[in-house]
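Spelled out, the chains give:
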Amino acid sequence: GENVEQHPSTLSVQEGDSAVIKCTYSDSASNYFPWYKQELGKGPQLIIDIRSNVGEKKDQRIAVTLNKTAKHFSLHITETQPEDSAVYFCAASKAERASGTYKYIFGTGTRLKVLA
Amino acid sequence: SAVISQKPSRDICQRGTSLTIQCQVDSQVTMMFWYRQQPGQSLTLIATANQGSEATYESGFVIDKFPISRPNLTFSTLTVSNMSPEDSSIYLCSVLDRTGGYTFGSGTRLTVV
């Protein structure tokens, strides 16, 4: 089955610097890769996603890149702010034939601290 | 995206007892899921809650321990039965909403003493 590895487990950056979180996956059939942000005491919130037919996607200060050949994808946050501090989870998924929905396999999470 | 209300937000329970967690969605959704997030760890899918039929459980999770109900398209419950300290986790409800993405509730933080 699918296995998703995420690095680093913790990351501290100075406010204004960039942060990069990397994930690798094992199932070459995976074709959808969302990123979630989880703040303390809250559920995960989708912040950006990418499908396998796209190499890069950007939304303001957040971007995701995908390398299908190497089976890895990365989250890039530029001009970090204290409110970016949270735990970030990547996931890899593919459509389940029976239900037509995606079953997610989550990475182990990265705790990002943005230092003011 | 769908708005999920999950109750309770947290609870402290005695070992051997059971706790039922409720998940209410503000719109009808096809797919509802229950996840477990152990302290400092990632999210693990427990089961898919099927409306009108038995839930579909993932490997390592069984109905006797985690019975699930889904009486309609906006509501589901997860019961954690015969609890032990190892069941201390955050339990999350998730739905597949109309945008095609997954939305999570705010979670139930369970501590078993």
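Note that this is a predicted model, so its numbers are computed, not measured. (Residues numbered from 1 in each chain as written. Chains lettered and ligands numbered in written order. Predicted model: local features only at pLDDT ≥ 70, side-chain atom pairs only at ≥ 80, totals over all residues. Heavy atoms only, no water.)

What follows deals with the sheet that holds strand β1 (residues 4–7) of chain B. All names here are of chain B. Strand order across the open sheet formed by 4 strands is β1-β3-β8-β7, with antiparallel pairing between neighbours. Across the chains shown, the open sheet's two edge strands, defined by having one partner strand only, are β1 and β7 (68–72). Mean inter-strand twist for the sheet, computed between neighbouring axes without regard to direction, equals 15°. As judged from the 6 bridges shared by strand β3 (residues 19–25) and strand β8 (residues 75–80), these two strands associate in the antiparallel manner. (Pairing = 2+ DSSP bridges. Helix = DSSP H or I, 4+ residues; strand = E, 2+ residues; numbered from the N terminus. Axes fitted to C-alpha atoms, helices over the stretch in contact; angles between N-to-C directions.)

With that settled, consider the interface of chain A and chain B. Contact residues are listed per partner, giving 15 residues for chain A and 14 residues for chain B. Buried area between chain A and chain B, summed over both chains or domains, comes out near 1300 Å², and the portion from carbon and sulfur atoms is 56%. If you look at where chain A meets chain B, you find 0 salt bridges. Where chain A meets chain B, there are 3 residue pairs in polar contact (both at pLDDT 80 or more). Only β4 (32–38) and β10 (102–106) of chain A provide two or more residues apiece to the side of chain A that touches chain B. Top contributing element to the side of chain A that touches chain B by residue count: β10 of chain A, with 4 residues. When the residues that make up the side of chain A that touches chain B are grouped by side-chain class, the tally is 6 nonpolar, 7 polar and 2 charged. (Contact = heavy atoms within 4.5 Å. Buried area = accessible area lost by both parts, 1.4 Å probe. Salt bridge = Lys/Arg side-chain N within 4 Å of Asp/Glu carboxyl O. Polar contact = N/O pair within 3.5 Å; in protein donor to acceptor, adjacent residues only side chain to side chain. Nonpolar A, V, L, I, M, F, W, Y, C, P; charged D, E, K, R; others polar.)

This part is about the packing of aromatic side chains. Across all of its chains, the model carries 16 aromatic pairs over all chains by this definition. Relative to F33 of chain A, the ring of Y25 of chain A has its centre 4.8 Å away and its plane inclined at 45°; by these criteria the two rings are tilted. Residue Y25 of chain A is classed as buried on the basis of its relative accessible area, which comes to 6%. The interplanar angle of 55° and the centroid separation of 5.3 Å between the aromatic rings of Y35 of chain B and F104 of chain B together place this pair among those described as tilted. Remark: F104 of chain B occurs in strand β10 (residues 102–104) and Y35 of chain B occurs in strand β4 (residues 31–37); sequence separation between them is 69 residues. (Phe/Tyr/Trp six-rings, centres within 6.5 Å; stacked < 30°, edge-to-face > 60°. Buried < 20%, exposed > 50% of the residue type's maximum accessible area, 1.4 Å probe, protein only.)

Attention now goes to unusual backbone geometry. In this chain, H7 of chain A is followed by P8 of chain A through a cis amide linkage whose omega measures -5°. Among the structural elements, P8 of chain A can be located in the loop between β1 (4–7) and β2 (10–14). One non-glycine residue, E79 of chain A, adopts positive backbone phi at about 45°. Here E79 of chain A lies in the loop between β8 (72–77) and β9 (86–95). Given the relative accessible area of 52%, E79 of chain A is considered exposed. For N82 of chain B, which is not glycine, the phi torsion reads 45° and is therefore positive. Mapped onto the elements, N82 of chain B comes out in the loop between β8 and β9 (89–96).

To continue, consider the environment of K37 of chain A. All names here are of chain A. The topology assignment puts K37 in strand β4. Remark: the alpha-carbon pair of K37 and R61, spanning 24 residues in sequence, is separated by 14 Å. Among residues more than four places away in sequence, those in contact with K37 are G43, P44, Q45, I47, E83, D84, A86, V87 and Y88. In terms of polar contacts, K37 uses its side chain to reach the backbone carbonyl oxygen of E83, at 2.9 Å.

This part covers the side chain of T77 of chain B. Residues and elements named next belong to chain B. Turning to its location among the elements, T77 is positioned in strand β8. For T77, a relative accessible area of 11% corresponds to the buried category. Among the polar contacts listed, one links the side chain of T77 to the side chain of S69, at a separation of 2.6 Å. Beyond its immediate chain neighbours, meaning those up to four positions away, T77 contacts T20, I21, Q22, W34, P67, I68 and S69.

Before going further, it helps to spend a moment on the sheet that holds strand β7 (residues 62–67) of chain A. All names here are of chain A. Taking strand neighbours across the sheet as the criterion, the 5 strands line up as β1-β3-β8-β7-β6 in an open arrangement whose pairing is antiparallel. Strand pairing shows two members of the sheet lacking a second neighbour, β1 and β6 (56–59), which therefore form its edges. Strand-to-strand twist of the sheet, defined as the mean angle between neighbouring strand axes without regard to direction, takes the value 15°. Two strands pair when backbone bridges link them, and β6 and β7 are joined in this way by 4 bridges, in the antiparallel orientation. Pairing of E56 across the sheet is with T65, part of β7.

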